[in-house]
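Summary of structural features
Each chain, written out:
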Amino acid sequence: MRLPEILTADLPFLTALRRDLHAHPELGFEEERTSAIVADLLEKAGVAVTRGLGGTGVVGTLQIGNGTRSIGLRADMDALAMPETAERSYKSTVSGKMHACGHDGHTALLLGAARYLAETRNFSGTVHFIFQPAEEGRGGARRMVEDGLFKQFACDAVYGLHNMPGLDTDEMAVVAGPQLASSDSWRVTFRGTGTHGAKPHLGKDPITAAATFLASLQTIVGRVVDPLQSAVVSACSVQAGNPQALNVIPDIVEIGGTARAYSPEVRDQLETEIGRLASGTAAMYGIAADYGFERRIPPVVNNADATERALKAAGAVFGSKLRTTFPPSTAGDDFAYFAGEAPGCYVWLGNGPAVDGALHHNTAYDFNDEAIGPGVAFWATLVEQELAPA
Ligand SMILES: [Zn+2]
Ligand SMILES: [Zn+2]
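Heads up: these notes are all about the structure in this document. (Residues numbered from 1 in each chain as written. Chains lettered and ligands numbered in written order. Predicted model: local features only at pLDDT ≥ 70, side-chain atom pairs only at ≥ 80, totals over all residues. Heavy atoms only, no water.)

**Things to note about the coordination of the zinc ion (ligand 2)**
- Bound to the zinc ion (ligand 2) on the protein side are Cys101 (SG), His103 (NE2) and His162 (NE2), at distances that span 2.1 to 2.3 Å.
- For the zinc ion (ligand 2), all donor residues lie on one chain, and their spacing in sequence is C-x1-H-x58-H. (Donors = N, O, S within 2.8 Å, 3.2 Å for Na, K, Ca; no water.)

**A look at the sheet that holds strand E13 (residues 288-297)**
- Strand order in this open sheet of four strands is E10-E12-E8-E13, and the pairing throughout is antiparallel. Strands at the two margins of the open sheet, each flanked by one partner only, are strand E10 (231-240) and E13. Along the sheet, successive strands turn relative to each other by an average axial angle of 15°, direction set aside.
- Note: strand E8 (residues 183-191) against strand E12 (residues 252-261), eight bridges, orientation antiparallel. Residue pairing in the sheet places Arg187 in a bridge with Gly256 of E12.
- This element, helix H8 (residues 264-285), spans E8, E10, E12 and E13 of the sheet and lies at about 165° to E13. (Pairing = 2+ DSSP bridges. Helix = DSSP H or I, 4+ residues; strand = E, 2+ residues; numbered from the N terminus. Axes fitted to C-alpha atoms, helices over the stretch in contact; angles between N-to-C directions. Contact = heavy atoms within 4.5 Å.)

**Side note on the packing of aromatic side chains**
- A full pass over the atoms with the stated rule returns eight aromatic pairs.
- Centroid distance Tyr346 to Trp348: 5.1 Å. Interplanar angle 75°. Geometry classified as edge-to-face. The two residues Tyr346 and Trp348 agree in class, both being buried.
- Between the NZ or CZ atom of Arg115 and the centre of the ring of Phe13, over which it lies, the distance is 3.8 Å. (Phe/Tyr/Trp six-rings, centres within 6.5 Å; stacked < 30°, edge-to-face > 60°. Buried < 20%, exposed > 50% of the residue type's maximum accessible area, 1.4 Å probe, protein only. Lys NZ or Arg CZ within 6 Å of the ring centre and 35° of its normal.)

**Side note on helix H2 (residues 32-44)**
- With 13 residues, H2 should reach 18 Å at 1.5 Å per residue; the first-to-last C-alpha distance of 18 Å fits that figure.
- Within H2, burial applies to Thr34, Ser35, Val38, Ala39, Leu41 and Leu42. Within H2, the buried residues cover an arc of 165° as seen down the axis, which keeps them to one side. Relative to its buried face, H2 has exposed residues pointing more than 90 degrees away, namely Glu32 and Lys44.
- The secondary structure elements touched by the buried residues of H2 are helix H1 (5-23), strand E1 (48-53), strand E2 (57-64), helix H3 (103-120) and strand E4 (125-132).
- Positive backbone phi, approximately 90°, marks Gly46, located one or two places after H2. (Expected span 1.5 Å × (residues − 1). Arc of directions from axis to C-beta.)

**As for the nonpolar core**
- Of all hydrophobic cores here, the largest spans 57 residues; its most connected members are Leu73, Phe129, Phe131, Phe378 and Trp379.
- Sorting elements by how many residues they give to this core places H3 first, with nine residues.
- Non-local contacts of Trp379, meaning those with residues more than four positions away in its chain, are made with Leu73, Arg74, Leu109, Leu110, Ala113, Tyr159, Gly160 and Leu161.
- Counting residues in each nonpolar core, the second largest holds 26 residues, with Phe153, Met164, Phe326 and Phe338 among its members. (Core = buried A, V, L, I, M, F, W, Y, C linked by side-chain atoms within 4.5 Å.)

Okay, here's the thing in C-alpha coordinates:
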(Lines give C-alpha, C1' and ligand atoms only; values in the text may rest on other atoms or scores of the structure.)
(Ligands and ions follow the chains in the order given, each with its own letter.)
Protein backbone atom coordinates (compact mmCIF):
# COMPACT_ATOMS: atom_id res chain seq x y z
CA MET A 1 0.00 0.00 0.00
CA ARG A 2 1.38 3.42 -0.98
CA LEU A 3 0.46 6.23 1.37
CA PRO A 4 0.54 9.94 0.49
CA GLU A 5 3.81 11.62 1.58
CA ILE A 6 2.11 14.09 3.94
CA LEU A 7 0.50 11.16 5.74
CA THR A 8 3.71 9.13 5.90
CA ALA A 9 5.44 12.16 7.42
CA ASP A 10 2.73 12.41 10.10
CA LEU A 11 2.90 8.74 11.15
CA PRO A 12 5.54 9.17 13.90
CA PHE A 13 3.41 11.91 15.48
CA LEU A 14 0.21 9.86 15.23
CA THR A 15 1.91 6.78 16.65
CA ALA A 16 3.22 8.73 19.64
CA LEU A 17 -0.24 10.26 20.11
CA ARG A 18 -1.90 6.82 20.00
CA ARG A 19 0.50 5.48 22.62
CA ASP A 20 0.02 8.53 24.84
CA LEU A 21 -3.77 7.98 24.72
CA HIS A 22 -3.18 4.30 25.48
CA ALA A 23 -1.15 5.18 28.56
CA HIS A 24 -3.91 7.50 29.85
CA PRO A 25 -7.21 5.63 29.49
CA GLU A 26 -10.45 7.28 30.62
CA LEU A 27 -13.86 5.65 31.10
CA GLY A 28 -17.08 6.75 29.42
CA PHE A 29 -18.12 10.38 30.07
CA GLU A 30 -14.82 10.90 31.95
CA GLU A 31 -12.75 11.56 28.80
CA GLU A 32 -11.60 15.01 30.01
CA ARG A 33 -7.93 14.66 29.11
CA THR A 34 -8.61 12.82 25.85
CA SER A 35 -11.23 15.26 24.60
CA ALA A 36 -9.01 18.23 25.52
CA ILE A 37 -6.19 16.74 23.43
CA VAL A 38 -8.61 16.10 20.57
CA ALA A 39 -10.05 19.63 20.65
CA ASP A 40 -6.60 21.18 20.92
CA LEU A 41 -5.17 19.25 17.96
CA LEU A 42 -8.22 19.99 15.82
CA GLU A 43 -7.92 23.71 16.58
CA LYS A 44 -4.21 23.70 15.81
CA ALA A 45 -5.02 22.08 12.46
CA GLY A 46 -7.47 24.89 11.65
CA VAL A 47 -10.62 22.85 12.20
CA ALA A 48 -13.64 24.56 13.88
CA VAL A 49 -14.26 22.87 17.23
CA THR A 50 -17.42 22.35 19.29
CA ARG A 51 -16.77 20.97 22.78
CA GLY A 52 -19.02 19.41 25.37
CA LEU A 53 -21.57 17.76 23.10
CA GLY A 54 -23.02 14.78 25.00
CA GLY A 55 -20.78 15.50 27.98
CA THR A 56 -17.19 15.01 26.84
CA GLY A 57 -17.93 14.70 23.10
CA VAL A 58 -16.13 16.88 20.57
CA VAL A 59 -17.07 17.75 16.98
CA GLY A 60 -14.57 19.20 14.51
CA THR A 61 -15.97 20.79 11.37
CA LEU A 62 -13.95 21.40 8.23
CA GLN A 63 -15.73 23.19 5.41
CA ILE A 64 -13.89 23.69 2.14
CA GLY A 65 -15.20 25.22 -1.12
CA ASN A 66 -18.88 25.52 -1.98
CA GLY A 67 -19.88 21.84 -2.10
CA THR A 68 -23.21 21.29 -0.36
CA ARG A 69 -22.77 17.68 0.75
CA SER A 70 -21.93 17.07 4.38
CA ILE A 71 -20.67 13.85 6.00
CA GLY A 72 -19.85 12.71 9.52
CA LEU A 73 -16.96 10.43 10.56
CA ARG A 74 -17.12 8.82 14.01
CA ALA A 75 -14.35 7.87 16.44
CA ASP A 76 -14.97 6.66 20.01
CA MET A 77 -12.65 7.80 22.84
CA ASP A 78 -13.41 5.71 25.92
CA ALA A 79 -11.50 2.89 27.62
CA LEU A 80 -12.67 -0.08 29.72
CA ALA A 81 -12.69 -0.71 33.47
CA MET A 82 -10.22 -3.61 33.44
CA PRO A 83 -6.52 -4.03 34.20
CA GLU A 84 -3.79 -4.12 31.54
CA THR A 85 -1.57 -7.15 32.11
CA ALA A 86 0.88 -6.97 29.17
CA GLU A 87 4.16 -5.11 29.66
CA ARG A 88 4.73 -2.35 27.12
CA SER A 89 6.43 1.04 27.32
CA TYR A 90 3.09 2.83 27.01
CA LYS A 91 1.14 0.53 29.36
CA SER A 92 -1.86 2.07 31.12
CA THR A 93 -0.78 4.40 33.92
CA VAL A 94 -4.20 4.12 35.57
CA SER A 95 -4.82 0.94 37.53
CA GLY A 96 -8.03 -0.85 36.57
CA LYS A 97 -8.49 1.07 33.32
CA MET A 98 -7.25 0.18 29.88
CA HIS A 99 -7.78 0.76 26.17
CA ALA A 100 -8.71 -2.85 25.42
CA CYS A 101 -10.95 -2.11 22.45
CA GLY A 102 -8.60 0.13 20.44
CA HIS A 103 -10.54 3.37 20.82
CA ASP A 104 -7.14 5.03 21.38
CA GLY A 105 -6.37 3.97 17.82
CA HIS A 106 -9.73 5.15 16.45
CA THR A 107 -9.18 8.58 18.02
CA ALA A 108 -5.66 8.85 16.57
CA LEU A 109 -6.89 7.78 13.11
CA LEU A 110 -9.61 10.38 12.93
CA LEU A 111 -7.26 13.10 14.19
CA GLY A 112 -4.80 11.98 11.52
CA ALA A 113 -7.50 12.35 8.88
CA ALA A 114 -8.45 15.83 10.15
CA ARG A 115 -4.81 16.95 10.07
CA TYR A 116 -4.33 15.55 6.57
CA LEU A 117 -7.54 16.99 5.10
CA ALA A 118 -7.02 20.41 6.72
CA GLU A 119 -3.58 20.53 5.13
CA THR A 120 -4.40 19.17 1.66
CA ARG A 121 -7.91 20.74 1.37
CA ASN A 122 -8.59 18.59 -1.66
CA PHE A 123 -12.38 18.45 -1.43
CA SER A 124 -15.46 20.64 -1.62
CA GLY A 125 -18.09 20.31 1.09
CA THR A 126 -18.30 19.78 4.83
CA VAL A 127 -16.87 17.03 6.99
CA HIS A 128 -17.76 16.66 10.67
CA PHE A 129 -15.21 14.75 12.75
CA ILE A 130 -17.32 13.26 15.55
CA PHE A 131 -15.42 12.18 18.67
CA GLN A 132 -17.95 10.43 20.88
CA PRO A 133 -17.65 9.58 24.56
CA ALA A 134 -18.79 6.41 26.28
CA GLU A 135 -19.23 3.84 23.54
CA GLU A 136 -18.70 0.92 25.95
CA GLY A 137 -22.23 0.52 27.24
CA ARG A 138 -22.62 3.98 28.77
CA GLY A 139 -24.68 5.54 25.99
CA GLY A 140 -22.39 8.24 24.58
CA ALA A 141 -23.81 8.23 21.05
CA ARG A 142 -27.38 8.54 22.30
CA ARG A 143 -26.37 11.48 24.53
CA MET A 144 -24.76 13.25 21.56
CA VAL A 145 -27.88 12.72 19.44
CA GLU A 146 -30.11 13.96 22.29
CA ASP A 147 -27.80 16.96 22.64
CA GLY A 148 -28.63 17.89 19.04
CA LEU A 149 -25.63 16.46 17.16
CA PHE A 150 -27.45 16.09 13.84
CA LYS A 151 -29.50 19.28 14.28
CA GLN A 152 -26.34 21.29 14.79
CA PHE A 153 -24.24 19.29 12.31
CA ALA A 154 -26.49 17.96 9.55
CA CYS A 155 -24.98 14.92 7.80
CA ASP A 156 -25.97 13.38 4.47
CA ALA A 157 -24.14 10.23 5.55
CA VAL A 158 -22.29 9.04 8.64
CA TYR A 159 -19.46 6.52 8.88
CA GLY A 160 -17.97 4.46 11.71
CA LEU A 161 -14.82 2.36 11.83
CA HIS A 162 -13.65 -0.34 14.22
CA ASN A 163 -10.42 -2.31 14.32
CA MET A 164 -10.74 -6.06 13.87
CA PRO A 165 -8.19 -8.69 14.92
CA GLY A 166 -8.05 -11.43 12.30
CA LEU A 167 -7.73 -9.04 9.36
CA ASP A 168 -4.28 -7.83 8.25
CA THR A 169 -3.49 -4.19 8.99
CA ASP A 170 -3.59 -3.43 5.26
CA GLU A 171 -6.96 -5.09 4.98
CA MET A 172 -10.51 -3.74 5.39
CA ALA A 173 -13.96 -5.33 5.36
CA VAL A 174 -16.89 -3.28 4.03
CA VAL A 175 -20.12 -5.23 3.89
CA ALA A 176 -23.74 -4.27 3.23
CA GLY A 177 -26.44 -5.19 5.74
CA PRO A 178 -26.16 -6.15 9.44
CA GLN A 179 -22.77 -5.57 11.10
CA LEU A 180 -23.47 -5.59 14.82
CA ALA A 181 -26.35 -6.90 16.87
CA SER A 182 -28.80 -5.06 19.06
CA SER A 183 -27.67 -5.21 22.67
CA ASP A 184 -30.50 -5.24 25.20
CA SER A 185 -30.81 -6.29 28.84
CA TRP A 186 -33.64 -8.23 30.46
CA ARG A 187 -34.56 -9.09 34.04
CA VAL A 188 -37.02 -11.59 35.47
CA THR A 189 -37.92 -11.83 39.15
CA PHE A 190 -39.87 -14.89 40.25
CA ARG A 191 -41.83 -14.12 43.43
CA GLY A 192 -42.91 -17.14 45.44
CA THR A 193 -43.40 -17.71 49.15
CA GLY A 194 -40.36 -18.72 51.13
CA THR A 195 -40.58 -21.69 53.44
CA HIS A 196 -38.63 -24.38 55.27
CA GLY A 197 -36.58 -26.47 52.87
CA ALA A 198 -38.10 -29.56 54.46
CA LYS A 199 -41.68 -28.33 54.00
CA PRO A 200 -41.98 -27.08 50.39
CA HIS A 201 -45.76 -27.71 50.39
CA LEU A 202 -46.18 -24.83 52.87
CA GLY A 203 -44.70 -22.28 50.45
CA LYS A 204 -44.37 -21.55 46.74
CA ASP A 205 -40.90 -22.44 45.52
CA PRO A 206 -39.50 -19.86 43.08
CA ILE A 207 -36.27 -21.83 42.55
CA THR A 208 -37.94 -24.71 40.74
CA ALA A 209 -39.82 -22.20 38.60
CA ALA A 210 -36.54 -20.42 37.77
CA ALA A 211 -34.99 -23.74 36.80
CA THR A 212 -37.88 -24.50 34.43
CA PHE A 213 -37.58 -21.01 32.93
CA LEU A 214 -33.83 -21.33 32.39
CA ALA A 215 -34.14 -24.78 30.87
CA SER A 216 -36.77 -23.46 28.42
CA LEU A 217 -35.04 -20.19 27.58
CA GLN A 218 -33.16 -21.50 24.53
CA THR A 219 -36.41 -22.70 22.97
CA ILE A 220 -36.98 -19.05 22.01
CA VAL A 221 -34.02 -19.09 19.62
CA GLY A 222 -34.46 -22.76 18.71
CA ARG A 223 -38.25 -22.96 18.25
CA VAL A 224 -39.72 -19.47 17.93
CA VAL A 225 -37.29 -17.30 15.93
CA ASP A 226 -37.04 -17.99 12.18
CA PRO A 227 -34.09 -20.40 11.71
CA LEU A 228 -32.77 -18.14 8.94
CA GLN A 229 -32.55 -15.21 11.38
CA SER A 230 -29.82 -14.83 14.01
CA ALA A 231 -30.54 -14.24 17.67
CA VAL A 232 -28.90 -14.77 21.04
CA VAL A 233 -30.62 -14.98 24.42
CA SER A 234 -28.32 -15.55 27.41
CA ALA A 235 -29.04 -15.65 31.12
CA CYS A 236 -25.93 -14.14 32.74
CA SER A 237 -26.93 -13.66 36.36
CA VAL A 238 -28.98 -15.71 38.84
CA GLN A 239 -29.43 -14.55 42.44
CA ALA A 240 -31.38 -16.44 45.08
CA GLY A 241 -31.19 -17.78 48.58
CA ASN A 242 -28.10 -17.99 50.73
CA PRO A 243 -25.39 -20.68 50.62
CA GLN A 244 -25.26 -20.40 54.44
CA ALA A 245 -28.94 -21.34 54.71
CA LEU A 246 -29.41 -24.59 52.86
CA ASN A 247 -32.68 -25.37 54.62
CA VAL A 248 -34.45 -22.21 53.48
CA ILE A 249 -36.43 -21.86 50.25
CA PRO A 250 -36.23 -18.13 49.43
CA ASP A 251 -39.08 -15.82 48.45
CA ILE A 252 -37.56 -14.61 45.21
CA VAL A 253 -35.18 -15.52 42.41
CA GLU A 254 -33.71 -12.76 40.28
CA ILE A 255 -32.45 -13.62 36.80
CA GLY A 256 -30.89 -11.27 34.26
CA GLY A 257 -29.27 -11.53 30.88
CA THR A 258 -28.77 -10.17 27.41
CA ALA A 259 -30.66 -10.42 24.12
CA ARG A 260 -29.14 -9.83 20.68
CA ALA A 261 -30.63 -9.61 17.19
CA TYR A 262 -29.88 -8.10 13.79
CA SER A 263 -33.39 -7.05 12.79
CA PRO A 264 -36.00 -4.89 14.54
CA GLU A 265 -38.57 -7.69 14.09
CA VAL A 266 -36.49 -10.33 15.86
CA ARG A 267 -35.57 -7.80 18.54
CA ASP A 268 -39.30 -7.22 19.22
CA GLN A 269 -39.85 -10.97 19.20
CA LEU A 270 -37.16 -11.57 21.86
CA GLU A 271 -38.66 -8.91 24.11
CA THR A 272 -42.11 -10.48 23.84
CA GLU A 273 -41.06 -14.12 24.11
CA ILE A 274 -38.78 -13.84 27.16
CA GLY A 275 -41.66 -12.11 28.96
CA ARG A 276 -44.17 -14.72 27.80
CA LEU A 277 -41.93 -17.54 29.03
CA ALA A 278 -41.48 -15.82 32.41
CA SER A 279 -45.17 -15.21 33.00
CA GLY A 280 -46.13 -18.63 31.64
CA THR A 281 -43.66 -20.38 33.92
CA ALA A 282 -44.85 -18.37 36.91
CA ALA A 283 -48.48 -19.29 36.13
CA MET A 284 -47.51 -22.94 35.88
CA TYR A 285 -46.07 -22.86 39.41
CA GLY A 286 -48.68 -20.53 40.90
CA ILE A 287 -46.24 -17.73 41.65
CA ALA A 288 -45.69 -14.23 40.24
CA ALA A 289 -43.07 -12.91 37.82
CA ASP A 290 -41.90 -9.35 37.18
CA TYR A 291 -40.35 -8.73 33.79
CA GLY A 292 -38.28 -5.86 32.43
CA PHE A 293 -36.64 -5.49 29.02
CA GLU A 294 -34.28 -2.54 28.61
CA ARG A 295 -33.55 -1.48 25.04
CA ARG A 296 -29.94 -0.38 25.09
CA ILE A 297 -28.52 -0.33 21.55
CA PRO A 298 -30.24 -1.01 18.21
CA PRO A 299 -28.48 -3.20 15.62
CA VAL A 300 -25.97 -1.59 13.23
CA VAL A 301 -27.24 -2.24 9.71
CA ASN A 302 -25.24 -0.73 6.86
CA ASN A 303 -27.21 1.45 4.45
CA ALA A 304 -26.85 0.39 0.80
CA ASP A 305 -25.89 3.82 -0.60
CA ALA A 306 -23.41 4.67 2.18
CA THR A 307 -21.87 1.19 1.84
CA GLU A 308 -21.44 1.71 -1.91
CA ARG A 309 -19.48 4.91 -1.17
CA ALA A 310 -17.35 3.29 1.54
CA LEU A 311 -16.60 0.36 -0.78
CA LYS A 312 -15.33 2.73 -3.45
CA ALA A 313 -12.98 4.48 -1.03
CA ALA A 314 -11.80 1.22 0.54
CA GLY A 315 -11.20 -0.24 -2.92
CA ALA A 316 -8.98 2.70 -3.81
CA VAL A 317 -6.92 2.31 -0.61
CA PHE A 318 -6.88 -1.44 0.03
CA GLY A 319 -7.12 -2.80 -3.53
CA SER A 320 -7.31 -6.58 -3.57
CA LYS A 321 -7.22 -6.64 0.25
CA LEU A 322 -10.69 -5.17 0.48
CA ARG A 323 -13.10 -7.82 1.77
CA THR A 324 -16.72 -7.50 0.75
CA THR A 325 -17.90 -10.43 2.85
CA PHE A 326 -17.26 -10.72 6.58
CA PRO A 327 -19.41 -12.22 9.31
CA PRO A 328 -21.33 -9.76 11.49
CA SER A 329 -20.46 -9.51 15.19
CA THR A 330 -22.86 -10.36 18.02
CA ALA A 331 -21.33 -7.45 19.93
CA GLY A 332 -23.06 -4.07 19.74
CA ASP A 333 -21.91 -0.52 18.98
CA ASP A 334 -23.95 2.56 19.77
CA PHE A 335 -22.91 3.98 16.40
CA ALA A 336 -26.38 2.53 15.67
CA TYR A 337 -27.85 5.77 17.10
CA PHE A 338 -25.89 7.84 14.56
CA ALA A 339 -26.89 5.48 11.75
CA GLY A 340 -30.49 6.03 12.84
CA GLU A 341 -30.18 9.74 12.01
CA ALA A 342 -28.39 9.57 8.63
CA PRO A 343 -27.54 6.82 6.11
CA GLY A 344 -24.70 4.99 7.84
CA CYS A 345 -21.90 2.56 7.11
CA TYR A 346 -19.65 0.80 9.62
CA VAL A 347 -16.37 -0.71 8.39
CA TRP A 348 -13.76 -3.07 9.86
CA LEU A 349 -10.06 -2.17 9.71
CA GLY A 350 -7.53 -4.98 10.20
CA ASN A 351 -5.62 -5.15 13.50
CA GLY A 352 -3.35 -8.11 12.70
CA PRO A 353 -3.57 -11.78 13.76
CA ALA A 354 -6.37 -12.86 16.10
CA VAL A 355 -4.08 -14.69 18.50
CA ASP A 356 -4.32 -15.07 22.27
CA GLY A 357 -4.10 -11.68 23.94
CA ALA A 358 -4.90 -9.79 20.74
CA LEU A 359 -8.67 -9.98 21.03
CA HIS A 360 -10.99 -7.15 22.05
CA HIS A 361 -11.56 -6.71 25.80
CA ASN A 362 -8.54 -8.91 26.63
CA THR A 363 -6.13 -7.62 29.29
CA ALA A 364 -3.21 -7.96 26.81
CA TYR A 365 -4.94 -6.39 23.79
CA ASP A 366 -3.30 -3.50 21.93
CA PHE A 367 -4.29 -1.43 18.91
CA ASN A 368 -1.86 -2.19 16.09
CA ASP A 369 0.05 0.96 15.06
CA GLU A 370 0.65 -0.57 11.61
CA ALA A 371 -3.03 0.14 10.97
CA ILE A 372 -2.73 3.91 11.48
CA GLY A 373 -1.54 4.70 7.94
CA PRO A 374 -4.16 2.55 6.19
CA GLY A 375 -6.92 3.80 8.50
CA VAL A 376 -6.14 7.49 7.97
CA ALA A 377 -5.83 6.88 4.22
CA PHE A 378 -9.31 5.35 4.21
CA TRP A 379 -10.93 8.29 6.03
CA ALA A 380 -9.15 10.84 3.83
CA THR A 381 -10.01 9.01 0.60
CA LEU A 382 -13.64 8.66 1.62
CA VAL A 383 -13.89 12.42 2.15
CA GLU A 384 -12.02 13.30 -1.07
CA GLN A 385 -14.22 10.95 -3.09
CA GLU A 386 -17.56 11.78 -1.47
CA LEU A 387 -16.92 15.50 -1.47
CA ALA A 388 -15.14 15.62 -4.82
CA PRO A 389 -15.15 19.15 -6.31
CA ALA A 390 -17.69 19.45 -9.15
ZN1 LIG B 1 -15.36 -2.66 23.15
ZN1 LIG C 1 -14.83 -0.84 20.58
